Amino acid sequence: MDINRRDFLGIAAIGMATLATGFNPIPQELFAGETYEILYDESSPVVRARTIPFSRQKELAGFNELPMITNRNIDDLIREGHLIKVPRETETYYLDGVREKYAIATPYNKLFLDYFTGEFHREFQKRFGITSLSRTWGRQLGLIASGNQNAASPWNSGHVRGISIDFNYRPLRRIERSWVGNELAELQNEEVLSAVRERNKRIYHTMIFKNNFLDYYVRNLELPVSVDSSSESWQIN
């Protein structure tokens, strides 16, 4: 990968953070062990999420097969279909502060966005605000250099691979937050995704696991699907 001056300065910032604080590539707070103050369905217990080791998350997400997004390859990734444009507003979600350049995602991450916000909308007749989708390698380094304590290194970031979403929970009522937390915990327990609640940013951060999510999606909607796990080719019939 070619590294320009800005990226070099970002790498230097990571090194300084490592020396100063013992940099943690995933410093966010995991769902595991958390409880929720109000249940969506008071007749059922709170869902507790099992922690997925980060090495296992990377394996499930296929990190080694996913290219990191850079300013140089972003247009090629879109042209080749590895990334697709995400509408700024639909019936079930809206992009909140996401720059046009970064309103992109892998096709299956976009499918998860539609699916999850659709389920939320059916329950509460409310749209979800999305504060972050994809980022370039340099943008991720910039967040670290600016002192963002929640930013993972580009090598460990789902945003830099187009497979993460940040859901804004600040406007949600407690019962809505509880529903979202329980749903994400269930999906994490099935290894469909990993989920993190970042309290300081008031977001739920997700990273999708392609094959497990597509299997889950088909099972729950009872739709036939053709998936080529070796590429981006998949189709809901």
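About the thresholds
- Residues numbered from 1 in each chain as written.
- Predicted model: local features only at pLDDT ≥ 70, side-chain atom pairs only at ≥ 80, totals over all residues.
- Heavy atoms only, no water.
- Helix = DSSP H or I, 4+ residues; strand = E, 2+ residues; numbered from the N terminus.
- Buried < 20%, exposed > 50% of the residue type's maximum accessible area, 1.4 Å probe, protein only.
- Contact = heavy atoms within 4.5 Å.
- Areas by Shrake-Rupley, 256 points an atom, 1.4 Å probe, with all protein chains shown as cover.
- Pairing = 2+ DSSP bridges.
- Core = buried A, V, L, I, M, F, W, Y, C linked by side-chain atoms within 4.5 Å.
- Expected span 1.5 Å × (residues − 1).
- pLDDT = per-residue confidence, 0-100.
- Axes fitted to C-alpha atoms, helices over the stretch in contact; angles between N-to-C directions.
- Parallel < 35°, antiparallel > 145°, perpendicular 65-115°, else oblique.
- Left-handed = near helix turned anticlockwise from the far one by under 90°.
- Nonpolar A, V, L, I, M, F, W, Y, C, P; charged D, E, K, R; others polar.

Visitor: What is the right way to look at the overall build of the protein in this model?
Guide: The number of helices and strands found in the protein is 7 helices and 9 strands. Per-residue burial over the protein gives 49% buried out of 237 residues. Put simply, 68% of the contacts in the protein that link residues at least 6 apart link residues at least 24 apart. About 11900 Å² of surface is accessible on the protein, with carbon and sulfur atoms providing 47% of the total.

Visitor: Any chance you could explain the pairing of strand 5 (residues 164–168) here in plain terms?
Guide: The side chains of a regular strand alternate between the sheet's two faces. Across the 5 residues of strand 5, 5 count as buried, placing the element largely inside the fold. As defined by bridge partners, strand 4 (residues 128–132) adjoins strand 5 across 3 bridges and the pair is classed as antiparallel. Looking at the pairing, I130 lines up with F167 of strand 5.

Visitor: Looking at this structure, how should I read the nonpolar core?
Guide: Ranked by internal contacts, the top residues of the largest apolar core, which has 44 residues, are F112, F116, F167, V180 and F213. For this core, the leading source of residues is helix 4 (residues 107–124), giving 8 residues. With residues near it in sequence (within four places) discarded, F116 still touches F128, F167, W179, V180, E183, L184 and L187. Membership of the second largest hydrophobic core comes to 5 residues, among which are I69, L77, L83 and I104.

Visitor: So what exactly am I meant to see when it comes to helix 5 (residues 137–145) here?
Guide: Since the α-helix advances by 3.6 residues per turn, residues separated by three or four positions end up pointing in the same direction. Taken residue by residue, helix 5 has W137, G138, Q140, L141, L143 and I144 as its buried positions. Remark: G147 follows helix 5 within two positions and exhibits a positive phi of approximately 95°.

Visitor: Is there a simple way to explain helix 6 (residues 174–189) in this structure?
Guide: The terminal C-alpha atoms of helix 6, which comprises 16 residues, lie 22 Å apart, in line with the 22 Å expected from a rise of 1.5 Å per residue. E191 sits one or two residues past helix 6 and shows a positive phi near 55°.

Visitor: What is the right way to read the confidence of the model for the protein from this model?
Guide: One rule of thumb: low pLDDT means the predicted coordinates there are not for detailed reading. Per-residue pLDDT for the protein averages 80, and the proportion of residues at 70 or more is 74%. Scored below 50 in pLDDT, residues 17–45 makes 63 contacts in the model with residues more than four places away or belonging to other chains. Across residues 224–237 the pLDDT falls below 50, and counting only partners more than four positions away or on other chains, this stretch makes 31 contacts in the model.

Visitor: Even after reading the chapter, I still don't get the environment of V98, so can you show me in this structure?
Guide: Here V98 lies in the loop between strand 2 (93–95) and strand 3 (104–105). Residues V98 and I130, 32 residues apart in the sequence, show an inter-C-alpha distance of 7.8 Å. Setting aside residues up to four positions removed in sequence, V98 forms contacts with R88, A103, I130, T131 and S132.

Visitor: Is there a simple way to think about the environment of V47 in this case?
Guide: In this fold, V47 is placed in the loop between helix 1 (5–21) and helix 2 (54–61). In sequence terms V47 and G181 are 134 residues apart; their C-alpha atoms lie 8.2 Å from each other.

Visitor: Any chance you could explain the packing of helix 4 against helix 6 here in plain terms?
Guide: Packed helices, taken two at a time, are described by the angle between their axes plus the distance between the axes. Close contact between helix 4 and helix 6 brings their axes to 11 Å; oriented N to C, the two are set at 140°. Here helix 4 lies oblique to helix 6, going by the angle between them. For the pair helix 4 and helix 6, the sense of crossing is right-handed. Residues F112, F116, E119, F120, E123 and F124 of helix 4 form the contact with helix 6, whose participating residues are I175, E176, W179, V180, E183, L184 and L187. In terms of residue class, the contact of helix 4 with helix 6 is built from 9 nonpolar, no polar and 4 charged.

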